[in-house]
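# Close look at the chain arrangement
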Amino acid sequence: MAEKWQQQQRAVELDLYQFYCSVCLDLLKDPVSIQCGHTYCRSCIEGCWDQEKEKGTYSCPQCRETFTPRPVLGRNNIVAEVVEKLKRTVTQQARPSSPLVPAGPTDIACDFCCGTRRNKATMSCLTCLASYCPAHLEPHHSFPVLKLHQLVSATVPLKEKICAKHNKLMEVYCKTDRRCICYLCTMDDHWCHSTLSAAAERAAEQGQLFLSHSAVKRKSQERQKELNELVQAVKDFKVCCQTAMKSKDKLFNELISSIQKQHTLIKQLIEAREKLAVVRAEALQLQLEEEIARLKKRDADLEQLSHTQDHIHFIQLFKSLSISCESPDLPTGAVVRPQQSVETLTECLTQLRDDMKKLLETAWPKISATVFGINVVLPPVPKTREEFLCYHCPLTLDPNSVNKYLDLSQDFQRVTSGSYEHFHSSHSDRFGGVKQVLCREGLTGRCYWEVSWSGGVWSVAASYKNISRTSFDSEFGKNDKSWSLECSANGYTFRHNSVTKAVSGPRTSQIGVYLDYKSGTLSFYSISDTMTLLHKVRTVFTQPLYPGLGLKELVSGCYSEMKKL
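Residues numbered from 1 in each chain as written. Predicted model: local features only at pLDDT ≥ 70, side-chain atom pairs only at ≥ 80, totals over all residues. Heavy atoms only, no water.

Per an unreviewed UniProt entry, the protein goes by the name Tripartite motif-containing protein 16-like and belongs to Oreochromis aureus.

Put into structure tokens, the structure is as follows:
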């Protein structure tokens, strides 16, 4: 008996769902039927059709069949009587309530809400091609046939997922035209194109999403590290400047009677340089903060996109998110702290105190240059050959240092190997035991030069002037006073202080060398269509560097030269 009663209850529940209005989601009130056979509350269907009055055509909210003119509504007495009996027989169960939010200007509105204020849609049905608020979505969770429909988050209007030509859902991706299409398009304009499902394309691009996500996150971390370094550099710079100011006051108090004018001038120089450098650093800091904000937002957008279930939305949005949001004016490595500190200024002032008026005229230019050479951070490292050439410095080989088995050209640019001794006058700078030569020019600051070579094994080097000329360790790279890149047809080897390291890179006959004295870097590049970094030295240089060339293995007629650019 109890089992029979339960079966009747389930039958009543089924009847209840059949007599719900699909607009208000409640039992029918004053039910009316339209030509297509569907039944609604009179007030619900009247409200829907009032909104379509300007179009002149009226549609069924369920099957979308259109009618012209507006149908005259008649009461469905049979349905009304059944509904009344159901109300008397069964207590209507309270339906679960869901939060309803009015749709804003940027929200997707529910397609089934009537009236001027429509609710925000939370899900879209790719089968019904409609968007639903939580209330109107309830049948998709209750009716078995609707449970089979594909629901996705209502993130973009459905019209953006509908083919404008065939009015069908876009479920195919055309690899030829790189856009989403419907299945009818594959038999029409795209019949000979390479196509695959949107799900398959999304799966293919998922890996790219992961790479982009990782790249953005890594770039954000790099920029954050640079920002932290910049903030610390500014703090250290201010401390150094304050220390320099105190040292200056102490030293100039001893010289105040004779160099009051210079006292005031150096104070102005330090303050002006500090202000200018800090302003530039703060501008760079603002750029870094803005880029970090953009990268973090892109990271969040990519993270959100990676969890979306909507293939079409994923493909359409990923195209824009895969475009770099990095500032072209802010390359990686923008924060380079100089090795030189304000202590150099203090040393110069101490020397000035000792020399007094006698050396004032010669010491003052050095003091001024030192102040102007101090920075919070240095400019970014050049990336292209054109940028490197902005720092090019003309070089000439020193005839007083060339080994007797090497021959110099008349313009002192090229050195050629020989099998016999050339006549060179005796000089203390001449290399005796090794076939190599230094340039005349000592370099500080930012400098760039290029070397070309042909045949043999040559070393492209930079060295202090006081390198040994006769001992066994005078060869470039076999002491702590020189840095050497050995070049041959078989590859490259870097050597410093007798420690060697194999270097990989494109094998060319042209080598570019970039010196950033203040930041303590010496870089060797292979020059072809692009600049390829072979090896970078990071140290603190204590003396000017002199470029050099050395012959490691002899091949008849081989040569090397400092290129004129």
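Let's pick the thread back up.
On to unusual backbone geometry. Omega for the peptide link from Thr68 to Pro69 comes to 0 degrees, which places this bond in the cis form. Positioned with a positive phi, Ser498 is a non-glycine residue whose angle comes to about 70 degrees. Positionally, Ser498 belongs in the loop between strand E18 (491–496) and strand E19 (499–503). According to the relative accessible area criterion, Ser498 is partly exposed, its value standing at 48%. (Helix = DSSP H or I, 4+ residues; strand = E, 2+ residues; numbered from the N terminus. Buried < 20%, exposed > 50% of the residue type's maximum accessible area, 1.4 Å probe, protein only.)

The next thing to look at is helix H2 (residues 42–51). Of all the positions in H2, only Cys44, Ile45, Cys48 and Trp49 are classed as buried. Buried residues along H2 cover an arc of 125 degrees about the axis, so they all sit on one side. Residues of H2 that are buried in the fold lie against strand E1 (31–33), strand E2 (39–41), strand E3 (58–59) and strand E4 (66–67). (Arc of directions from axis to C-beta. Contact = heavy atoms within 4.5 Å.)

Oppositely charged side chains can pair when the atoms bearing their charge come close. Summed over all chains, the structure comprises 21 salt bridges. As a salt-bridge pair, Arg75 and Asp30 come within 3.3 Å of each other at their nearest N and O atoms. A residue pair is termed long-range when its members are at least 10 positions apart, and Arg75 in strand E5 (residues 74–75) and Asp30 in the loop between helix H1 (2–18) and E1 qualify at 45 residues. The class for Asp30 is partly exposed, based on a relative accessible area of 34%. For Arg118, the salt bridge goes to Asp111, with nearest N and O atoms at 3.7 Å. (Salt bridge = Lys/Arg side-chain N within 4 Å of Asp/Glu carboxyl O.)

The next subject is the packing of aromatic side chains. Counted according to the given criterion, the structure contains 13 aromatic pairs. Geometrically, the ring pair formed by Phe431 and Phe476 is edge-to-face, given 5.8 Å between the ring centres and 75 degrees between the ring planes. Here Phe431, found in the loop between strand E13 (414–417) and strand E14 (436–438), pairs with Phe476, found in the loop between strand E16 (457–463) and strand E17 (482–488); they are 45 residues apart in sequence, far enough to count as distant. Across this residue pair, the class does not change: Phe431 and Phe476 are buried. The lysine or arginine in question, Arg414, covers the ring of Tyr559, its NZ or CZ lying 3.7 Å from the ring centre. (Phe/Tyr/Trp six-rings, centres within 6.5 Å; stacked < 30°, edge-to-face > 60°. Lys NZ or Arg CZ within 6 Å of the ring centre and 35° of its normal.)

Another aspect to go through is the pairing of strand E23 (residues 546–553). Buried residues dominate E23, accounting for six of its eight residues. Pairing geometry for E14 and E23, over three bridges, is antiparallel. In the sheet register, Leu438 faces E23, and the bridge partner there is Gly548. For E16 and E23, the ladder comprises seven bridges, and the chain directions are antiparallel. Each residue of the ladder has a partner; that of Trp458, found in E23, is Leu551. (Pairing = 2+ DSSP bridges.)

Where helix H6 (residues 198–255) meets helix H8 (residues 311–321), the axes come as close as 10 Å, and the angle between the chain directions of the two elements is 40 degrees. When the interaxial angle is binned, H6 and H8 end up oblique. The way H6 lies across H8 gives a crossing that is left-handed. Within the contact between the two elements, H6 uses Ala198, Ala199, Glu201, Arg202, Glu205, Gln206, Gln208, Leu209 and Ser212 and H8 uses His311, Ile312, Phe314, Ile315, Phe318 and Lys319. Residue composition of the contact of H6 with H8, by class: seven nonpolar, four polar and four charged. (Axes fitted to C-alpha atoms, helices over the stretch in contact; angles between N-to-C directions. Parallel < 35°, antiparallel > 145°, perpendicular 65-115°, else oblique. Left-handed = near helix turned anticlockwise from the far one by under 90°. Nonpolar A, V, L, I, M, F, W, Y, C, P; charged D, E, K, R; others polar.)

Okay, the nonpolar core next. Counting 38 residues, the largest nonpolar core has Trp449, Leu485, Ile511 and Leu522 as its most contacted members. Tallying contributions element by element places strand E15 (residues 446–454) first for this core, with four residues. Those residues in contact with Leu522 that sit more than four places away from it in its chain are Trp449, Ala462, Trp483, Val513, Tyr514, Leu515, His535, Lys536, Val537 and Phe541. Ranked by size, the runner-up nonpolar core spans 21 residues in total, among them Cys182, Cys185, Ala198 and Ile315. (Core = buried A, V, L, I, M, F, W, Y, C linked by side-chain atoms within 4.5 Å.)

Before going further, it helps to spend a moment on the side chain of Ser519. Residue placement: Ser519 occurs in the loop between strand E20 (510–516) and strand E21 (521–527). On the basis of relative accessible area, Ser519 is assigned to the buried category, the value being 9%. Polar side-chain contacts of Ser519 include one of 3.2 Å to the side chain of Thr521. (Polar contact = N/O pair within 3.5 Å; in protein donor to acceptor, adjacent residues only side chain to side chain.)

Reading across the sheet, the three strands line up as E10-E9-E11 and stay open at both edges, with antiparallel pairing between neighbours. Single-partner strands in this sheet number two, and they are strand E10 (179–182) and strand E11 (195–197). Pairs of neighbouring strands in the sheet enclose a mean axial angle of 45 degrees, with direction left out of account. Looking at chain direction, strand E9 (residues 170–174) and E10 are connected through four bridges and run antiparallel. Bridging from a neighbouring strand, Cys174 pairs with Arg179 of E10.

Taking the C-alpha atoms as reference points, Ser519 and Leu378, 141 residues apart in sequence, are found 7.6 Å from one another. Within polar-contact distance, the side chain of Ser519 engages the side chain of Asp516 at 3.1 Å.

Bringing the pairing of E20 into the picture now. Burial within E20 is extensive, with six of its seven residues counted as buried. Here E15 pairs with E20 via seven bridges, running antiparallel. Counterpart to Ser452 in the pairing with E20 is Gln510. The sheet contact formed by E20 and E21 spans six bridges and is antiparallel. Residue pairing across strands places Leu515 opposite Leu522, the latter belonging to E21. Once E20 ends, the chain turns through four residues before running back antiparallel as E21, passing Gly520 with a positive phi of about 75 degrees.

This model, assessed by the stated rule, comprises zero disulfides. Of all cysteine sulfurs in the structure, the one in Cys393 sits closest to Cys447, which takes part in no disulfide; the separation is 4.5 Å. The class of Cys447 is buried, set by a relative accessible area of 8%. (Disulfide = S-S within 2.5 Å.)

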